[in-house]
Amino acid sequence: MSNRTKTNDFDCIVIGGGHAGVEAAHAAAKTGAKTALITISKGTIAKMSCNPAIGGLAKGQIVREVDALGGLMGLAIDATGIQFRMLNLSKGPAVQSPRAQADKYKYKDNIRTRLEETANLVIIEAIASQIITKENKVQSVRCLNGITYDAPVVILTTGTFLRGLMHIGTEQITGGRFGEPASLELSESLKYIGLELGRLKTGTPVRLDASTVDLDKLQIQYGDVRPQPFSYMTESIKQKQIPCWITFTNQKIHKLIRDNLDRAPLYTGQICSTGPRYCPSIETKIVRFPDKKRHQVFLEPEDENISTIYCNGISTSVPKDIQEQMLKLLPGTENARIVHYGYAIEYDYCPPVQLKPNLETRKISGLFLAGQINGTSGYEEAAAQGIMAGINATRKIQNKEPIVLGRDQAYIGVMIDDLLTKGIDEPYRMFTSRAEYRLALRADNADRRLTQIGKAVGLVDNNRWTKFQNKVEDIDELKSYLEVTRSGGVSLWEKLRRPKSSVVEILADNSSLKQDGFADDVLQAVTIDAKYEGYLHKQERLMAGFHALENKKIPPDMDYYDIMHLRTEAKEKLSTFRPATLGQASRLGGITPADITVIQIHLRR
């Protein structure tokens, strides 16, 4: 696509090699842009800074969506996962989500290898310090080493590195994460070019030497007997699977922390920024739930050799001596050696009200933001924003319309729409409850929702496309057979809709189809389509009404103060958030149906 030949001349520059950055760089390069990924170190690309796991409730759906579009995360976790579990199997398919523990060292190596094999992509080890603009358009990126790289589009995926400050008791350490420097100059550069910055906080627990943990006395948790892959390209999981272990805090631990809250940064005023509500520190849990007798802690291996343990559930920033005493009171870790202590980290972010739906900043043309810089938390949310930013950055320089996923198309669409319309004052985390059309946005059908889009933008290769087409043909063939074949006076499709019926049993009794049968994912898709047919049709009718508002675009330069009969509060809110459609406007807090009607009348005029 590009005629650029100079060493420092690119179509797209991605700053940051975390989970957002790798998807952004891969997507931009694969869709035709000569891309540079600027990262502090190649060795920390896709590093799992916190929990060594991918997926989880709603997050698993996001990973499947990233994979369906042609991204990397699903392929990497399938190759390096050490325990796979499908969550919520006792509930309906709308809320079932895949999750996997990773060998965190193999995971980042796998991602790095995939990037190094990607055409059009160069990885540069440097620290970006300045975004250079001209007339509110991106021109180049300057690094601390004095080298400048030119590009018409830049994607910022800075994670927790923007003025990152770690807290362990009263100890404060400047850094983006454990053992790595913070990005100080870049924050000032963003302010200089006119972006608003805020401050958020997250945290992480201790890591333990696994050989010093008494695992034999703990409850063991195994993964699924038949691990289900994340990627639609993975046939099966073949590597060795590792268990996790469960322990619990107790009243002695709770008393220890309560007695030392005057040394806890979250309660001394040392940390003023807002942390994640849905992933609180152990000290926050004890303060918030004073009557709870114990809290569950998962001891999760960080690699297949079980050399270190991640203590999921006791994220903390209390002083080191309190962390040590807490572990001595926790069953199984009485004699454990700490590899590194838990800490809280504060960092700068850009409130996402400043973004367009394509993740480009409204203030600076060509500047895209993805990941924690937008106020989100989690590897999966970051990866999803990264792939969308990469796609849309390339489409901008190709003069093509951006790809904006709707709330009825993907969890990715729900998340980005939430970021643009809800306002972020705490780290955003995805949940199935955020998606009003979650029955249609299942983990099993992400390929049927998004693979065609991935193909259209150039991310889905021929192998994936052929595999997808074969699956869709098999689904159509099986559905058609079930609908036209009758038994006992009713169609097999009607039989399958019954609560306890099984497609395998129905086919065993009636099928004259191909002898080798159908793949498990085809059987699963047809079963869900049949059993939830009525609910899905109802949801489709709701989506039709949703589209009426969603398809009505609002001019980006709309002067809301010029609209007669629009309330002052609505004018202020709409001028701040700048919704792209009437649908987005209707989801802004404080905007009433009457306000939407006034805007509709104004647009008709």
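These figures come from a predicted structure and were not determined experimentally. (Residues numbered from 1 in each chain as written. Predicted model: local features only at pLDDT ≥ 70, side-chain atom pairs only at ≥ 80, totals over all residues. Heavy atoms only, no water.)

A. Region of the structure containing the sheet that holds strand E9 (residues 148–150). The three strands are arranged E7-E8-E9 in an open sheet whose pairing can be described as antiparallel. With one partner strand each, in any of the chains shown, strand E7 (128–134) and E9 form the two edges of the open sheet. Averaged over all pairs of adjacent strands, the angle between their axes in this sheet comes to 25°, without regard to strand direction. As defined by bridge partners, strand E8 (residues 137–143) adjoins E9 across three bridges and the pair is classed as antiparallel. When the bridges of E9 are listed, Arg142 appears paired with Thr148. (Pairing = 2+ DSSP bridges. Helix = DSSP H or I, 4+ residues; strand = E, 2+ residues; numbered from the N terminus. Axes fitted to C-alpha atoms, helices over the stretch in contact; angles between N-to-C directions.)

B. Region of interest: the nonpolar core. Formed by 100 residues in total, the largest nonpolar core has its most connected members in Ile13, Tyr107, Ile131 and Met388. Per element, the largest residue contribution to this core is nine residues, and it comes from helix H10 (residues 379–397). Here Tyr107 is in contact with His19, Ala46, Met48, Ile54, Met73, Ala76, Ile77, Thr80 and Ala102, once residues within four sequence places are set aside. Within the second largest apolar cluster, 30 residues are counted, among which are Trp245, Leu299, Cys311 and Ile338. (Core = buried A, V, L, I, M, F, W, Y, C linked by side-chain atoms within 4.5 Å. Buried < 20%, exposed > 50% of the residue type's maximum accessible area, 1.4 Å probe, protein only. Contact = heavy atoms within 4.5 Å.)

C. Inspection of the sheet that holds strand E3 (residues 53–55) at higher detail. Spatially, E3-E5-E4 is the arrangement adopted by the three strands of the open sheet, whose pairing is antiparallel. The open sheet is flanked by E3 and strand E4 (81–87), the only strands paired with a single partner. Across the sheet, the mean angle separating the axes of adjacent strands is 15° when strand polarity is ignored. Looking at chain direction, E3 and strand E5 (residues 97–102) are connected through three bridges and run antiparallel. Residue Ala53 lies in a different strand from E5, and its bridge partner there is Gln101.

D. Expanded view of the packing of helix H1 (residues 19–30) against H10. Contact geometry of H1 with H10 gives a least axis separation of 7 Å together with a crossing angle of 30°. Judged on the interaxial angle alone, H10 and H1 are roughly parallel. Regarding H1 and H10, the two cross each other, and that crossing is right-handed. Contacts between H1 and H10 pair His19, Ala20, Glu23, Ala24, Ala27 and Ala28 from the former with Tyr379, Ala382, Ala383, Gly386, Ile387, Gly390, Ile391 and Thr394 from the latter. In terms of residue class, the contact of H1 with H10 is made up of nine nonpolar, four polar and one charged. (Parallel < 35°, antiparallel > 145°, perpendicular 65-115°, else oblique. Left-handed = near helix turned anticlockwise from the far one by under 90°. Nonpolar A, V, L, I, M, F, W, Y, C, P; charged D, E, K, R; others polar.)

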